[in-house]
Amino acid sequence: MESEPPNHETKIQYFQTRDFEKSLQKARLAGKHGQKYVNKTKAILGGLAESDPFTGIVKITKHGERRIPYCVKYDLGDGWRLVTCQHSKSCGFLFMGKHDDVDHWLDKNKG
């Protein structure tokens, strides 16, 4: 009986920060418009078993993000953003919200 070779491909580990959870709650309370982007974010979270849960749902913002190392900022639509930190087989969901709220959060957490 032959055994299969060990799988050296490490799966990506995902995590959510407290700020991310709070930002989702704030967006839910923003009414129908905010709920639309909460649903989009939840679609990403629901696809974490896929190789790239972001594909087909969101695109990376045009100008990227440099305030936080390894930060990837996604455009959810209508000025709403999703902020993640992706490095070394891990992806953290940091914050989501309107453009100005995201800018404020990034300025507060840069470095």
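Structure first, text after, so check above.
A brief structural summary. Throughout, residues of each chain are indexed from 1 in the direction in which the sequence is written. Owing to the predicted nature of the model, reporting of local features is limited to residues with pLDDT of at least 70; listing and counting of side-chain atom pairs is limited to 80 or more, with chain, interface and lining totals taken over all residues. To obtain the side-chain values, all non-hydrogen atoms of the structure were included, while hydrogens and water were left out.

### Considerations on the pairing of strand β3 (residues 71-77)
Point 1. Counting buried residues in β3 gives six out of seven residues, a clear majority hidden from the surface.
Point 2. Both strand β2 (residues 59-60) and β3 contribute to a ladder of two bridges, which runs antiparallel. Directly across from I60, in β3, lies its bridge partner Y74.
Point 3. Strand pairing follows a simple DSSP-based rule, namely that at least 2 bridges must link the two strands. Numbered from the N terminus, helices here are DSSP runs of H or I no shorter than four residues, and strands are runs of E no shorter than two. Sheet topology note: the β3/strand β4 (residues 80-87) ladder contains six bridges and is antiparallel. Of the residues in β4, the one forming a bridge with G77 is W80.
Point 4. Connecting β3 to the antiparallel partner β4 that follows it, the hairpin turn spans two residues, and D78 within it adopts a positive phi of roughly 50 degrees. The buried label applies to any residue whose accessible area, calculated with a 1.4 Å probe on protein chains only, is under 20% of its type's maximum; exposed applies above 50%, and partly exposed to all values in between.

### Concerning the nonpolar core
Point 1. Only buried residues count toward a nonpolar core, which is a set of Ala, Val, Leu, Ile, Met, Phe, Trp, Tyr and Cys residues joined through side-chain atoms within 4.5 Å. The biggest cluster of nonpolar side chains holds 17 residues, and the ones touching the most others in it are F20, F54, L76, L82, F93 and M96.
Point 2. Examining the composition of this core, we find that four residues originate from one element, helix α2 (residues 32-46), more than from any other.
Point 3. If we skip the residues at most four places from it in the chain, F20 touches T41, L45, L82, F93, L94, F95 and M96.
Point 4. Counting residues in each nonpolar core, the second largest holds nine residues, with I68, C71, V102 and W105 among its members. Residue contacts are counted whenever heavy atoms from the two residues lie within 4.5 Å of one another.

### Quick look at the packing of helix α1 (residues 18-29) against α2
Point 1. Close contact between α1 and α2 brings their axes to 7 Å; oriented N to C, the two are set at 140 degrees. Considering their axes alone, α1 and α2 lie oblique with respect to each other. Mapping the contact onto sequence places F20, L24, A27 and R28 in α1 and G34, Q35, V38, T41, K42 and L45 in α2. A fitted line through C-alpha atoms serves as each axis, taken over the contacting stretch for helices, and the angle formed by two N-to-C directions is quoted from 0 to 180°. Reported orientations rely on four angle classes, namely roughly parallel under 35 degrees, roughly antiparallel over 145, roughly perpendicular from 65 to 115, and oblique for the rest.

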